[in-house]
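Summary of structural features
This is what each chain is made of:
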Amino acid sequence: MTAFMDFLTVFTQPELLLLVGVGTFAGVYVGAIPGLSVTMAVSILISFTFSWDVYPAISLMIGIYMGGVYGGSRTAILLNIPGAPSAIATALDGYPMAKRGEAGTAIGVTTVMSFIGGFVGIGVLAVAAPWVSDFALKFQPRDYMLLAILGILLVGSLSQGSLVKGIFAGALGIAIGAVGRDPLTFAERFTFDFQLLEGGISFIAVMIGMFGVSEALLQLHHVNKNSVRQKISRIVPSLATVKKHLPLSLQTSSIGVIIGALPGTGGDIAALMAYDHAKRVTKKPERPFGDGAIEGLVAPETANNAAVGGAFIPMMTLGIPGDAVTAIMIGALFIHGLNPGPMLMIDQPDMFWFIVGCLVMANFFMLIFGLTGIKLFTRIVEMPRAVLIPLIMLLSIVGAYAVNNSITDVYWMLGFGVFGYFMRHYGYPLGPVILGVILSRLLDDNWRRAIISEQEDLGRFFSGIFSSPLSLVLFVSVILIFVSQTPLWTKAKGRIFGEKGQGHE
Amino acid sequence: MKRIIVGALSALALTATAAVAEYPEKEIQGIIQWGAGGSTDTVMRSVTPHAEAALGGTVVMQNMTGAVGAIALNHVAGSAADGYTLLMGAENPLLYKIMGLGDKDYNEFTPISILARGTPVLVANPDAPFNDYAEMMAYIKENPGSVKFGSTGPGGLPSVVTAMITSVEGGLDVTAVPYDGDGPALTGLQGGAIDVMPAVLGAAIEGIRAGNMKVLAIMDVSANEQLPDAPYVTQFNDAYSTYLPWGPFFGVFVPNGTPDDVVAKLSAAYATGAQHPDFVKLMNDRGFTLMAISGDEADAFLSKWQQGTAWLLQDAGLTKASPEEFGIARPGE
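About the thresholds
- Residues numbered from 1 in each chain as written.
- Chains lettered and ligands numbered in written order.
- Predicted model: local features only at pLDDT ≥ 70, side-chain atom pairs only at ≥ 80, totals over all residues.
- Helix = DSSP H or I, 4+ residues; strand = E, 2+ residues; numbered from the N terminus.
- Rg over C-alpha atoms; globule rule 2.2 N^0.38 Å.
- Buried ≥ 20, exposed ≤ 12 C-beta atoms within 10 Å, placed from the backbone.
- Contact = placed C-beta atoms within 7 Å.
- Pairing = 2+ DSSP bridges.
- Axes fitted to C-alpha atoms, helices over the stretch in contact; angles between N-to-C directions.
- Nonpolar A, V, L, I, M, F, W, Y, C, P; charged D, E, K, R; others polar.
- pLDDT = per-residue confidence, 0-100.

**Considerations on the overall build of chain B**
Per the secondary structure count, chain B includes 11 helices and 11 strands. Radius of gyration (C-alpha) of chain B: 22 Å, near the 20 Å computed for a compact globule of 333 residues. Counting only C-alpha atoms and orienting by the principal axes, one finds that chain B spans roughly 90 × 45 × 30 Å. The proportion of buried residues among the 333 residues of chain B is 53%. Across chain B, contacts joining residues at least 24 apart in sequence account for 73% of those joining residues at least 6 apart.

So, in structure tokens, the structure goes:
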């Protein structure tokens with residue numbers, strides 16, 4: 001009963017309610033600007049809310065977090081620049097929809113699906129947090145490595161057209177991710193003795209350049225073409241649409257919660273894995289993936305919002321951050337005199353239920369702010385290209401600079417923009433590059449951790465995999481996906497079942 | 001004409017004195033060497049508001065990460081020595097030179113305040129087949145190479161602690177598994193990926209209290225107030241008193257050449273801020289020892305820390321360049 005009262009705290013105090021609302025609103029817009037990340041906003045808020053009580057401070061931060069994760073989809077859909085890494089997959093199908101004049105529909109679906117995903121995440125946090133965190137702790141370095149390999153296999157579904165070009169792009173991404181001081185030994189890799197390269201290449205700069213700048217350059221080809229008229233009749237998706245995609249959204253939300261709860265992986269990987277999952281299970285999308293499939297929006301958007309609730313799970317039960325934002329929140333709780341850790345749930349259960357309450361509220365606000373103002377936003381894509389292209393460039397530059405306040409990042413961003421333009425021009429997909437950069441560290445660090453733990457003995461390494469049920473499941477999935485995606489399997493399937501090998505996967 | 005020049009000059013002189021007297025007359029930038037949410041970040045963001053109140057100015061804090069903090073250090077070292085750019089850092093820069101991570105360290109800076117010092121602790125997974133330091137050493141002798149120690153790369157706290165154990169015990173045959181920081185390593189410890197982790201007490205204390213990890217020994221010469229029942233390492237081997245007490249620290253710095261009165265004003269502000277009950281409580285809860293020293297005392301602390309640690313790492317063969325090359329004398333010489 002007290003738990004329920006704590007849960008209701010946020011609903012009964014107008015001041016807290018207002019703060020969650022303000023936070024969510026700000027989050028949607030901060031999240032929409034590439035480079036201005038939720039992490040940054042929350043860390044600024046720590047000093048800002050220092051003198052406040054802990055409840056108002058947490059309310060505001062949770063609002064920003066929830067709103068920001070959602071907000072990343074805005075620019076992804078409208079301009080093909082993901083506002084945050086977790087919106088990369090959203091751009092793949094969202095932007096083609098906007099190009100077709102369906103930006104309103106895309107944003108509407110995204111909003112409702114983010115809302116559903118958000119609730120699945122919060123629900124799991126509320127009822128199953130201790131079990132999920134126990135499960136998340138079971139992941140050993142080799143399991144993270146297998147997860148990363150599973151992620152790398154997404155190259156297949158992210159590369160439209162040539163698989164070989166996709167693999168090349170993915171490998172390039174992994175190489176970009178490896179530049180700089182190796183975090184485990186501090187040895188320099190691929191730095192060629194340039195001080196500039198020592199800190200590595202900012203992944204956000206690569207992302208903004210490849211998506212934003214290359215898009216602006218590509219648009220230059222059509223400067224004189226009229227912009228696409230946006231149909232804005234149907235914004236809120238019909239109940240039938242929601243119902244149709246509900247099974248998929250529940251599956252992808254579960255992926256989001258689990259990946260979000262793992263300390264070391266977050267919304268970005270969750271969204272990409274969910275996208276891949278959608279592609280695998282959706283037999284007949286209305287439109288092909290990459291061309292504006294609704295499923296391609298449903299999956300990443302449910303997953304990245306579900307990952308929010310997921311990220312709170314290890315934070316609340318163990319004091320271990322699920323991602324960068326929860327890491328900062330742990331710091332904030334310390335500053336406010338609380339001791340986040342395994343004892344927090346026992347000593348101060350009110351905090352847990354209060355946070356759950358705030359998340360629920362923020363999720364509602366997200367729905368409200370998401371569905372209003374869409375008409376205004378869709379006008380952005382209707383602007384003449386002569387205005388739109390400079391706008392994209394400006395956003396990209398500001399975004400790249402804001403990440404580390406470093407002008408070097410702007411140069412990287414521009415460089416990768418030009419490079420990305422040529423890649424697109426010659427039919428190389430960009431998704432796998434970003435995928436490679438995201439997964440590079442996860443794969444590299446955990447492979448080395450795993451093999452060092454086994455005293456660099458491959459035999460012991462594999463016996464480790466086969467003696468742990470979790471590793472075994474992951475290992476078998478890797479094999480299955482790998483086999484099912486190669487032409488070999490399609491041929492075999494054709495021979496066994498007498499079907500025609502479709503080969504579109 | 002003459003009157004105008006005299007007038008202008010005196011006006012200039014007035015503004016010049018006024019500028020110093022009125023410091024700070026604009027926002028001060030605080031560059032935090034580590035990422036948001038880390039120990040350094042938490043300490044700086046919690047002490048600075050109290051220091052701002054004492055100073056009567058605003059300090060805008062910003063995280064500047066990369067190259068183990070060297071990017072932030074070089075940035076502040078290259079900014080004007082006017083007291084408007086502060087470096088908020090930890091102990092690592094004192095090891096940059098010998099680790100080949102950079103050619104600058106705190107010698108280029110004047111300490112405003114060394115705020116607090118951490119205490120290292122050896123923690124283990126509750127299922128590990130040993131319950132204290134002595135049992136661990138015995139187990140390692142019987143099973144060479146099988147115990148997995150977490151590490152955070154050369155120069156990090158775990159590397160210094162293992163170097164200490166190596167030099168005191170004459171060897172330590174374990175497998176060091178590298179992690180990005182003590183947070184991820186302690187997560188790995190709780191999941192059983194590693195057996196033992198040398199960590200700063202503040203990072204492990206909540207896990208210890210909850211029974212998710214057990215203390216093998218606190219690396220100190222006396223019992224800790226936060227964990228009065230936990231054994232300390234000199235109980236097992238008195239030879240550790242040569243190196244202890246030792247620990248990572250947090251400090252605020254300005255580039256050398258900053259006017260003395262500005263340094264004095266900032267030092268006074270941070271000294272006051274560090275005594276605020278909220279900050280004192282935070283430091284106690286997290287197991288940090290409050291220091292808040294400045295001036296000669298801080299300089300002496302820094303050079304003693306650097307000598308001791310640099311030579312310890314040198315003797316363990318973990319350095320890229322000898323401390324001698326940079327004029328870091330062996331302790332006691």
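**A short note on the pairing of strand β10 (residues 249–255) of chain B**
Residue and element names in this part refer to chain B. Buried residues dominate β10, accounting for six of its seven residues. Where strand β3 (residues 85–90) lies against β10, four bridges are found, and the strand directions are antiparallel. Following the sheet pairing, Gly-89 is matched in β10 by Gly-251. As paired elements, strand β4 (residues 109–117) and β10 share seven bridges and run antiparallel to each other. Counterpart to Ser-113 in the pairing with β10 is Val-252.

**So, the sheet that holds strand β2 (residues 59–63) of chain B**
Residues and elements named next belong to chain B. Within the open sheet, the six strands sit side by side as β2-β1-β3-β10-β4-β11. Their pairing is mixed. Both edges of this open sheet fall to β2 and β11 (289–293), since each of them pairs with a single strand only. Taken pair by pair, the neighbouring strands of this sheet meet at an average axis angle of 20°, ignoring direction. Bridge count between strand β1 (residues 28–32) and β3: four bridges; the pairing is parallel. Residue Ile-32 lies in a different strand from β3, and its bridge partner there is Met-88.

**Points about the interface of chain A and chain B**
Between chain A and chain B, the residue contacts involve 40 residues of the former and 39 residues of the latter. Those elements giving two or more residues to the side of chain A that touches chain B turn out to be α3 (38–48), α15 (324–335) and α21 (431–453) of chain A. Class assignment of the residues belonging to the side of chain A that touches chain B gives a composition of 19 nonpolar, 17 polar and four charged.

**What to know about the environment of Gly63(A)**
All names here are of chain A. With respect to the helices and strands, the residue Gly-63 is situated in helix α4 (residues 54–79). Expressed as a C-alpha distance, the spacing of Gly-63 and Val-437, which sit 374 residues apart in the sequence, is 29 Å. Sequence-distant contacts of Gly-63, that is, excluding residues within four places in its chain, are made with Leu-19, Val-20, Gly-21, Val-22, Gly-23, Thr-24, Gly-27, Ala-362 and Phe-365.

**A closer look at unusual backbone geometry**
Here Leu244(B) and Pro245(B) are connected by a cis peptide whose omega angle stands at -5°. When you line up the elements, Pro245(B) lands in the loop between β9 (214–218) and β10. You will see that Phe192(A), though not glycine, has its phi angle at about 50°, which is positive. Tracing the backbone through its elements, the reader meets Phe192(A) in the loop between β2 (188–189) and α10 (195–198). Residue classification places Phe192(A) among the exposed residues on the basis of 8 C-beta atoms within 10 Å. Of note in this structure, Ala292(B) is not a glycine but carries a positive phi near 50°. For Ala292(B), a count of 21 C-beta atoms within 10 Å translates into the label buried.

**Points about the confidence of the model for chain B**
Per-residue pLDDT for chain B has a mean of 87; in total, 93% of the residues score no lower than 70. pLDDT under 50 marks residues 12–19 of chain B. Its contacts with residues more than four places away, or in other chains, come to one contact.

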